[in-house]
Amino acid sequence: MAEVRLEATQGDITRQRVDAIVNAANSSLLGGGGVDGAIHRAAGRELLEACRQLGGCPTGEARATAGFRLPARWVIHTVGPVWSGGKRGEPELLASCYRRSLEVADELGIRSVAFPAISTGAYGFPGQLAAEIAVNTVRSANTEVELVRLVAFDAETFVLYRKALDNRS
Ligand code: ADP
């Protein structure tokens, strides 16, 4: 199995032309602010209907729906941990979000996936640690996905991705 191609970009995840974009959702899957709100606005009302049928999602898990009006065919909804100091399993749960999203992608035959910086907005996860977890978890994943794009909304997050990608630890 070839190693996944991993890249970072700065931009809006709703505009990414990949097979699947990942949503940093909350456990109700019924929409929220931040990237979740942007994805629901861009996909249209049918996305909320599809999410309703999933009946929620636990932290660290992932569920797929269609992408409706998005350029991406699929949305993989994952629920990141709320940061509360780092001793409540937050790093492991964040890693699980990346790993489980790629497993769901494999089940659907998805070859390219774009991730937002899960948990680093309203959920308060420290940006540098989150970037390192994203890069290390994707690199060590056993997946058929060929391209993973880490999408930074702001310049600061983009720099953190570039640094984490330069560190081959
Ligand atoms: P969480 O609740 O998981 O912290 P947020 O949506 O509050 O989720 O933030 C997660 C990350 O998504 C933040 O880094 C935020 O800047 C980023 N973000 C917000 N809107 C977009 C967007 N349209 N495209 C990509 N990333 C976005």
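Preceding block: the structure.
So, here's what we can say about the structure. Predicted model only: the values in this text are computed from it and were never measured.

Further remarks concern the site of the ligand. The ligand sits among 15 residues. The nearest are Val35, Ser119, Thr120, Gly121 and Ala122. Here Gly121 contributes a backbone N or O atom positioned 2.9 Å from an oxygen atom of the ligand. Ala122 places a main-chain nitrogen or oxygen 2.8 Å from an oxygen atom of the ligand. Put simply, the ligand lies in the largest pocket. No other element matches the 3 residues that helix α1 (residues 34-43) contributes to the shell around the ligand.

The subject of this paragraph is the packing of aromatic side chains. In total, this model carries 2 aromatic pairs according to the counting rule given. Ring centres 4.7 Å apart and planes at 40° place the aromatic pair Tyr98 and Phe115 in the tilted group. Linking Tyr98 in helix α3 (residues 90-107) with Phe115 in strand β5 (residues 112-115), this pair joins segments that are 17 residues apart in sequence. The class for Tyr98 is buried, based on a relative accessible area of 1%.

Okay, helix α5 (residues 155-166) next. An ideal rise of 1.5 Å per residue puts 16 Å on 12 residues; α5 measures up with 17 Å between its terminal C-alpha atoms. Among all positions in α5, only Thr157, Leu160, Tyr161, Ala164 and Leu165 are buried. Looking straight down α5, one finds that the buried residues subtend no more than 130° of arc, so they occupy a single side. Along α5, the residues that are exposed and aim more than 90 degrees away from the buried face are Glu156, Lys163 and Asp166. Turning to α5, the residues buried within the fold contact β1 (5-10), α3, α4 (127-139) and β6 (147-152).

Conventions adopted
- Residues numbered from 1 in each chain as written.
- Predicted model: local features only at pLDDT ≥ 70, side-chain atom pairs only at ≥ 80, totals over all residues.
- Heavy atoms only, no water.
- Near = heavy atom within 4 Å.
- Polar contact = N/O pair within 3.5 Å; in protein donor to acceptor, adjacent residues only side chain to side chain.
- 1 Å grid on protein atoms, 1.4 Å probe; cavity = no way out; pocket = protein on both sides within 12 Å on 5 of 7 lines; lining within 4 Å.
- Sits in = over half its atoms within 2 Å of the grid points.
- Helix = DSSP H or I, 4+ residues; strand = E, 2+ residues; numbered from the N terminus.
- Phe/Tyr/Trp six-rings, centres within 6.5 Å; stacked < 30°, edge-to-face > 60°.
- Buried < 20%, exposed > 50% of the residue type's maximum accessible area, 1.4 Å probe, protein only.
- Expected span 1.5 Å × (residues − 1).
- Arc of directions from axis to C-beta.
- Contact = heavy atoms within 4.5 Å.

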